[in-house]
Amino acid sequence: MSFGPKPWQQTVWDWRAAGNFIGGGAGSGLIVFAALSHILGGNAILQFTCGSALVAFGLLCVWLEIGRPMRALHVFFHPQRSWMSREAFVATLLLPSGIAAAAGIRGVWAVAALLALAYMYCQARILKASKGIPAWREPRLVPLIVVTALSEGAGLFLLSSPLSGSASAALLIVTGVLLIVRWVLWRVYRRQISRRIALPALNALDAAARWLQWLGTLAPLLLLALSLTLLASAAMPPPVALAVAALGGVGALLTGAWFKFSLITRAAFNQGFAISQLPVRGVRP
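Residues numbered from 1 in each chain as written. Predicted model: local features only at pLDDT ≥ 70, side-chain atom pairs only at ≥ 80, totals over all residues. Heavy atoms only, no water.

Enquirer: Could you give an account of the overall build of the protein chain, naming the residues involved and the relevant values?
Expert: A count of helical and extended segments in the protein chain gives 9 helices and 0 strands. In the protein chain, the order of α-helices and β-strands from amino to carboxyl end is α-α-α-α-α-α-α-α-α. Relative to its length of 285 residues, the protein chain is compact, with a C-alpha radius of gyration of 21 Å against a globular reference of 19 Å. C-alpha extents for the protein chain along the principal axes are approximately 85 × 40 × 25 Å. Among the 285 residues that make up the protein chain, the fraction classed as buried is 48%. A fraction of 76% describes how many contacts in the protein chain between residues 6 or more apart in sequence connect residues 24 or more apart. Of the roughly 14,200 Å² that the protein chain leaves accessible, carbon and sulfur atoms contribute 69%. Taking the 23 positively charged and 6 negatively charged side chains of the protein chain as two groups, their mean positions are separated by 9 Å. (Helix = DSSP H or I, 4+ residues; strand = E, 2+ residues; numbered from the N terminus. Rg over C-alpha atoms; globule rule 2.2 N^0.38 Å. Buried < 20%, exposed > 50% of the residue type's maximum accessible area, 1.4 Å probe, protein only. Contact = heavy atoms within 4.5 Å. Areas by Shrake-Rupley, 256 points an atom, 1.4 Å probe, with all protein chains shown as cover. Lys, Arg positive; Asp, Glu negative; His and termini not counted. Charge placed at Lys NZ, Arg CZ, Asp CG, Glu CD.)

The structure is reproduced here in structure tokens:
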């Protein structure tokens, strides 16, 4: 159904729109964790570079989606009322800041981290501003999207840590806390939308949440606990402990991406419309 009184699934935003939220969220989250690693004395050149590349990839996806790509600069015209315009302005500052941080310019890492947080917040507000989609306009989706982006970035950071050796026990603990907070926010969001969205949309989100629960929360938490134990006991070389944490990072990253993909492409049912009383000629309402 493309039009009618019952909710119907929008088709304007497809996998390319989902790619923007997945790439932009994971990339900006990775930049935040790269900054945290820098504070702790780690080498985060690889993470700053990959984070900036993922944000650029997400913007490329949304550029491919628009009907007239050569008019993409029009997105800068309405920052006073459009969260897409604000996202674009933040991106123009975030990308060079991430590259500068990767180049080792002193102090830029803090600017890149703040801009990355602003970028993921803009993405979350883009969804909330879509008033016609009940699954998107729920205010509790905003913190869920932000924490999901941070969790994706944490997972990608752990996945890359065996190459750079930049992970630490503190960052493993922060990742575990984020995964728990993400699941709690999902439950709060799920309770709020349970009676407000179409049943197919709710089923799509519940299907993604099952992966989020087992592969994206419980399994990574167990692997992170094992990795922390190995690091504390020195029973295994640090690269082995980092490899165990990287497995948990894969689950956190993939399930967050799948949740966003389901939210954008499978749960995006329009509200539809309803006529409470049909007009009848000669009868006063």
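Enquirer: Could you give me a rundown of the nonpolar core, with the residues and numbers involved?
Expert: Of all hydrophobic cores here, the largest spans 74 residues; its most connected members are F48, L127, W136, W186, Y189, L205 and L263. Ignoring any residue separated from it by four or fewer positions in sequence, one finds W136 in contact with Q10, W13, L127, K128, S130, L141, L263, I264 and A268. (Core = buried A, V, L, I, M, F, W, Y, C linked by side-chain atoms within 4.5 Å.)

Enquirer: Please give an account of a nonpolar patch on the surface that cites residues and values.
Expert: A cluster of nonpolar residues, F57, L60, W63, L64, I66 and M70, forms a patch on the protein surface that exposes about 610 Å² of accessible area. Within the fold, M70 resides in the loop between α2 (45-65) and α3 (83-102). Given the relative accessible area of 75%, M70 is considered exposed. (Patch = residues over 30% accessible without salt bridge, like charges linked within 9 Å, V, L, I, M, F, W, Y side chains within 5 Å. Salt bridge = Lys/Arg side-chain N within 4 Å of Asp/Glu carboxyl O.)

Enquirer: So what's going on with the state of the cysteines? Which residues, and what values?
Expert: Applying the stated criterion across every chain yields a total of 0 disulfides. Not part of a disulfide, C50 finds its nearest cysteine sulfur in C61, a span of 16 Å. Classification of C61 by relative accessible area gives buried; the value is 4%. (Disulfide = S-S within 2.5 Å.)

Enquirer: How would you summarise the side chain of Q123 if you had to cite specific residues and measurements?
Expert: Within the fold, Q123 resides in helix α4 (residues 108-128). Within the local environment of Q123, its side chain forms a polar contact with the side chain of E87, the two groups lying 3.2 Å apart. Setting aside residues no more than four positions away along its own chain, Q123 makes contact with N20, F21, G24, G25 and E87. (Polar contact = N/O pair within 3.5 Å; in protein donor to acceptor, adjacent residues only side chain to side chain.)

Enquirer: Help me get a handle on the packing of aromatic side chains, residues and values and all.
Expert: Enumeration according to the criterion identifies 8 aromatic pairs in this entry. Here the aromatic rings of F33 and F157 are separated by 6.0 Å at their centres, their planes lie at 45°, and the arrangement is tilted. Of the two residues, F33 is situated in helix α1 (residues 15-39) and F157 in helix α6 (residues 141-164); the sequence distance between them amounts to 124 residues. The buried category is assigned to F33, whose relative accessible area is 2%. (Phe/Tyr/Trp six-rings, centres within 6.5 Å; stacked < 30°, edge-to-face > 60°.)

Enquirer: How would you summarise the packing of α1 against α4 if you had to cite specific residues and measurements?
Expert: Between α1 and α4, the shortest axis-to-axis distance is 9 Å and the interhelical angle comes to 150°. Judged on the interaxial angle alone, α4 and α1 are roughly antiparallel. Pair α1 / α4 crosses with left-handed handedness. Across the interface between the two elements, N20, F21, G24, G25, S28, G29, I31, V32, A35, H38 and I39 from α1 touch W109, A112, A113, A116, L117, Y119, M120, Q123, I126 and L127 from α4. (Axes fitted to C-alpha atoms, helices over the stretch in contact; angles between N-to-C directions. Parallel < 35°, antiparallel > 145°, perpendicular 65-115°, else oblique. Left-handed = near helix turned anticlockwise from the far one by under 90°.)

Enquirer: Could you give an account of the side chain of S85, with specific residues and numbers?
Expert: Counting through the fold element by element, S85 comes out in helix α3. Assessed through its relative accessible area of 2%, S85 is described here as buried. A polar contact is formed between the side chain of S85 and the backbone oxygen of H78, at a distance of 3.5 Å. Apart from the residues lying within four places of it in its own chain, the contact partners of S85 are V75, F76, F77, H78 and P79.

Enquirer: Tell me about the pattern of salt bridges, and name the residues and values.
Expert: What the rule picks out here adds up to 5 salt bridges. A salt bridge links D14 to R16; the shortest N-O distance between them is 2.6 Å. For the salt bridge of D206 with R190, the shortest nitrogen-to-oxygen distance reads 2.7 Å. With D206 in helix α8 (residues 199-233) and R190 in helix α7 (residues 169-193), this pair connects stretches of sequence that are 16 residues apart. Judged on exposure class, the residue D206 and its partner R190 are both buried.

Enquirer: Tell me about α2, and please be specific about residues and values.
Expert: Because each turn of an α-helix spans 3.6 residues, side chains separated by three or four positions end up pointing in the same direction. A rise of 1.5 Å per residue sets the reference length of α2, with its 21 residues, at 30 Å; its end C-alpha atoms lie 31 Å apart and thus fit the reference within 8%. Within the span of α2, buried status applies to Q47, F48, G51, S52, V55, G58, C61 and E65. Residues of α2 that are buried make contact with α1, α3, α4 and α6. (Expected span 1.5 Å × (residues − 1).)

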